[in-house]
Each structure stands twice: as structure tokens, then as C-alpha cells.
Amino acid sequence: NVDDDISCLSARNFKRPKLSDDTFDAERACQKVDFLEQNEEIPLCQYLPDGHHLFVNSEYLGLRAVHRDPWIFVVPNLLSQQECEQLMIKASLQMKSSAQDASRGAMHRNSSDCRIARQETLRLQSRYCELLNVPLENLEAVKVTRYDRGEFFRNHVDPIADTSNFENRVATLFVYLNTCEIGGETRFLSLPSLRKLEYRVGEKVCCLLDGEGDYPGVIDALHTDGTVDVSFDDGDVQLATPRSELRAYETLSIKPVQGMGVLFFPAFLPSSPMSRAFTKQLDRYLVHEGCPAVDQKFIHQQWVWPHRAQSHSEGRTTNGFFL
């Protein structure tokens, strides 16, 4: 019984929204409309194969573009309330600290997460394959992450190190498993901008950091040789940076609404010359962060590879309930 499971897990930090189903669905619909109304609708007929990124099913029901070049999509109601709650239940049985897998430790990422055994999520993943235009073997095992109050994941990119054949995570699909009234937004930090830089101290810039993406910061100092010092928003510093590595940027924030999927393309296809231009084959415009949670937040991530997944192909057995 799903409700019994939820009651049993209350001590494990699983909290069901305290709303009737009708009230919750109505609020969820209003929040969805609010977000979509704030973002200009981009006609999907403009979305065409570019030879560099994975091309997904533009006719998938509910798919909507909220940014182009790079493309970012949302899919309201990709998962039902019951599917979201079941994923939260499953993951709550096997959570571990995300900082164990984070090279920069708990100061950069302090959530908890769980990978779920593939056989328990085959129906969900088959649905994702219809959206993503890839076979099931290209998907990593489903991941669920929990952010308690004050927890976060600072600016990062999704491609990983030490892969082969210039392959990496060519798509990220994540789904919010609960609605957060306050906090917990996903914020894209390095989107292109038409604004021209003035190259002055204190100016906000994006800067290529160690070949691993454009991270936001401010100019700290200007040097006579034309280079600048940059202090990044997460505390890092890069000295004597060539101006060619700086650019203006825009941001995009998405609030967690239960069941809404967000889709973007963090790495280039191995067939693209761009996959050899940057570390980890990454698209430098897709640095993002999980903002600090105020309400407890659950999010489910699904990473996609151009061929068979090279990482995290298996997960943990949870409650045996199949989705």
C-alpha cells in the first residue's frame, strides 16, 4: 500500500505534500502556467538537427522549448504524482551522501542520493526513450537526489572524466518529484548574451575555467598586458586570464514543480568536431546549479549516452515496486 509506505518512511525525511489531491493538482497547474508564461514560447519547428547535439523527438506530447542555442526544453507532467511519490519512497530506502562522489566535497555539494536498480524503472525509462530517440541501453540507471533545507549543488557541468571514444553524457533529463514553494531552483548560469563586455573591475563575466565550462564571476583586476583576474561566484580565483576567455552571459531559473521534466544537452556527440574542442566533450554554455533548498526537494536525474552508457549502468534494489 503506497500510503502505508509513506507513513513508514516519515522518519526517513520523506514528506508528502499536506494538500488534498484536488488542491495539489490545482496549485501544481497554476505554478506550471506561471513558469511557462514567464518564458517566451519558442516554436518547435525551429528545432532542427545541428550535427553536434543529440536530436530528440520534437513531437513528444507536452514538449516545450524555453531556450534555444543551446536548447533547453521542459515537459510538464512528464511523471504523474503517484510515479513521483514512488520514486521518492524507493530512494529514501537507500540514500547516501552525494559528497562521497563529489571531487570538491560537501562545500560544493551536500545532498543525498540513490541509484535505483534498472529492472525497477524499465517502464519509466522506456517512456524516456520515446522522447530521447535512443535505445534503453544508452540510459544510465535512474538517480534520485534529496536536498534538505539549506542543501545545494553549486555550479557544475554534467559530463564526466575518463570516458572513451569521445563519448559522454549527451543529454540530461531531470524531473522534479515534488513542488517547492521557496528555494531549490535549477539555475543555468552561462547562457549566451548579446551584451558586450566593458572590461571593468566589478563587471560580471563568464570565464572558461580549466577547459571545463564557462563559470560566472567578476573581474577583480585589469593588467597592462590585457589580461584580467577573475573571482568566481563559488570562491575560485583565476589570475592573468586572457580576455578571449571572457564573455557576457545570461541566466535562466526553473522552479521545481512536481512531475515537470527539464531536458538539455551538456556534451557534444562524438561525431561532432566540437567533441574534441573541450574537456569532457562539454558544451560550455550549460553550467548550472541547484540553488539552496528551503522546502525539502527531491529531483530525479536521467543521463543519456550516444551509445551504451559508460557509467552508472546499475543501481540498488529498493522496495521491488516496478515503475
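Anything mentioned here points back to the structure above.
Presented here is a report on the structure given in the accompanying data block. Within every chain, residues take consecutive numbers counted from 1 along the sequence as written. Only residues with pLDDT of at least 70 are given local features in this predicted model, and only at 80 or more are side-chain atom pairs given and counted; all residues enter the totals for whole chains, interfaces and linings. Based on all heavy atoms of the structure, the side-chain values leave hydrogens and waters out of the count.

**Quick notes on the overall build of the protein**
Here is step 1 of the chain: Only DSSP runs of H or I covering at least 4 residues are called helices, and only runs of E covering at least 2 are called strands; the numbering of each starts at the N terminus. Helix and strand counts for the protein come out as four helices and 17 strands.
Here is step 2 of the chain: Residue pairs at least 24 apart in sequence account for 75% of intrachain contacts in the protein once pairs closer than 6 positions are excluded.
Here is step 3 of the chain: Under the convention used here, a 1.4 Å probe and the Shrake-Rupley method define accessible areas, while residue burial counts only the protein chains that appear. Counting every atom, the protein has about 14500 Å² of accessible surface; 49% of that belongs to carbon and sulfur. What makes two residues a contact is simply this: any of their non-hydrogen atoms within 4.5 Å.

**Observations regarding the nonpolar core**
Here is step 1 of the chain: Definition used in this section: a nonpolar core is a set of buried Ala, Val, Leu, Ile, Met, Phe, Trp, Tyr and Cys residues joined via side-chain atoms within 4.5 Å. Relative accessibility thresholds used throughout: buried, under 20% of the residue-type maximum; exposed, over 50%; partly exposed, between the two (1.4 Å probe, protein chains only). Residues Leu54, Leu87, Leu132, Leu263 and Phe265 are the most contacted members of the largest nonpolar core, which totals 38 residues.
Here is step 2 of the chain: The set of elements that each furnish at least two residues to this core consists of β2 (72-75), α3 (81-92), α4 (122-132), β7 (171-176) and β17 (297-304).
Here is step 3 of the chain: It is α4 that contributes the most residues to this core, five residues altogether.
Here is step 4 of the chain: Excluding anything up to four places from it in sequence, Leu54 contacts Tyr47, Leu132, Val134, Val170, Ala171, Phe265, Leu269 and Val304.
Here is step 5 of the chain: Core analysis: the second largest hydrophobic core is formed by 18 residues, Val262, Phe264, Ala293 and Ile299 among them.

**Examining α3**
Here is step 1 of the chain: The span expected for a helix works out to 1.5 Å for each residue beyond the first. In a regular helix each residue adds 1.5 Å, so twelve residues correspond to 16 Å; α3 covers 17 Å between its end C-alpha atoms and thus fits that length.
Here is step 2 of the chain: Counting buried positions over the twelve residues of α3 gives eleven, a clear majority of the element.
Here is step 3 of the chain: Among the residues of α3, those classed as buried are Gln81, Glu83, Cys84, Glu85, Gln86, Leu87, Met88, Ile89, Lys90, Ala91 and Ser92.

**Thoughts on the sheet that holds strand β12 (residues 237-241)**
Here is step 1 of the chain: Two strands are counted as paired when DSSP detects at least two bridges linking them. Strand order in this open sheet of five strands is β12-β11-β10-β9-β13, and the pairing throughout is antiparallel. In this open sheet, the two edge strands, each paired with only one partner strand, are β12 and β13 (246-247).
Here is step 2 of the chain: With five bridges connecting them, strand β9 (residues 204-208) and strand β10 (residues 214-222) associate as antiparallel partners. Note on β10: the bridge partner recorded for Leu208 is Asp214.

**Description of α4**
Here is step 1 of the chain: Along α4, the positions that sit buried rather than exposed are Leu124, Gln125, Tyr128, Cys129, Leu131 and Leu132. Each buried residue of α4 lies within a common arc of 160° when the element is viewed along its axis, so the set occupies one face. Facing away from the buried surface of α4 by more than 90 degrees, the exposed residues are Arg123 and Glu130.
Here is step 2 of the chain: Contacts from the buried residues of α4 go to β2, α3, β7, β15 (261-264) and β17.
Here is step 3 of the chain: Asn133 lies just past α4 and shows a positive phi near 60°. The arc under discussion is defined with respect to the helix axis, by the directions toward the C-beta atoms.

**With respect to the pattern of salt bridges**
Opposite charge on two side chains lets them pair, provided their charged atoms get close.
Here is step 1 of the chain: The salt bridge definition used is simple: a Lys or Arg side-chain nitrogen within 4 Å of an Asp or Glu carboxyl oxygen. This model, assessed by the stated rule, comprises 14 salt bridges.
Here is step 2 of the chain: Of the charged contacts, one joins Arg68 and Asp69 as a salt bridge, the two residues approaching to 3.3 Å between their closest N and O atoms.
Here is step 3 of the chain: Using a relative accessible area of 35% as the deciding quantity, one classes Arg68 as partly exposed.

**Here's the deal with the pairing of β10**
Sheet faces and side chains relate simply in a regular strand, where the side chains alternate between the two faces.
Here is step 1 of the chain: Hairpin remark: β9 followed by β10, antiparallel, with five residues in the connecting loop; positive phi at Asp210, about 55°.
Here is step 2 of the chain: Bridge count between β10 and strand β11 (residues 228-232): five bridges; the pairing is antiparallel. Bridge pairing links Ile219 to Val230 in β11.

**Remarks on the packing of aromatic side chains**
Here is step 1 of the chain: Aromatic rings from Phe, Tyr and Trp, taking only the six-membered ring of Trp, are treated as a pair when their centres fall within 6.5 Å; an angle between ring planes under 30 degrees marks them as stacked, one over 60 as edge-to-face, and anything in between as tilted. A full pass over the atoms with the stated rule returns eight aromatic pairs.
Here is step 2 of the chain: For the pair Tyr47 and Phe73, a centre-to-centre distance of 5.0 Å together with 75° between the ring planes defines the contact as edge-to-face. Of this pair, Tyr47 sits in the loop between α2 (21-38) and β1 (64-67) while Phe73 is found in strand β2, placing the two residues 26 residues apart along the sequence. Phe73 matches Tyr47 in its accessibility class, with the two residues each being buried.
Here is step 3 of the chain: Counting every residue linked through ring pairs, the aromatic cluster contains Tyr47, Phe55, Trp71, Phe73 and Phe265.
Here is step 4 of the chain: A ring is considered to have a charge above it if a Lys NZ or an Arg CZ atom is located within 6 Å of its centre and within 35 degrees of its normal. The positively charged end of Arg243 is found above the aromatic ring belonging to Tyr199, 4.6 Å away from the centroid.

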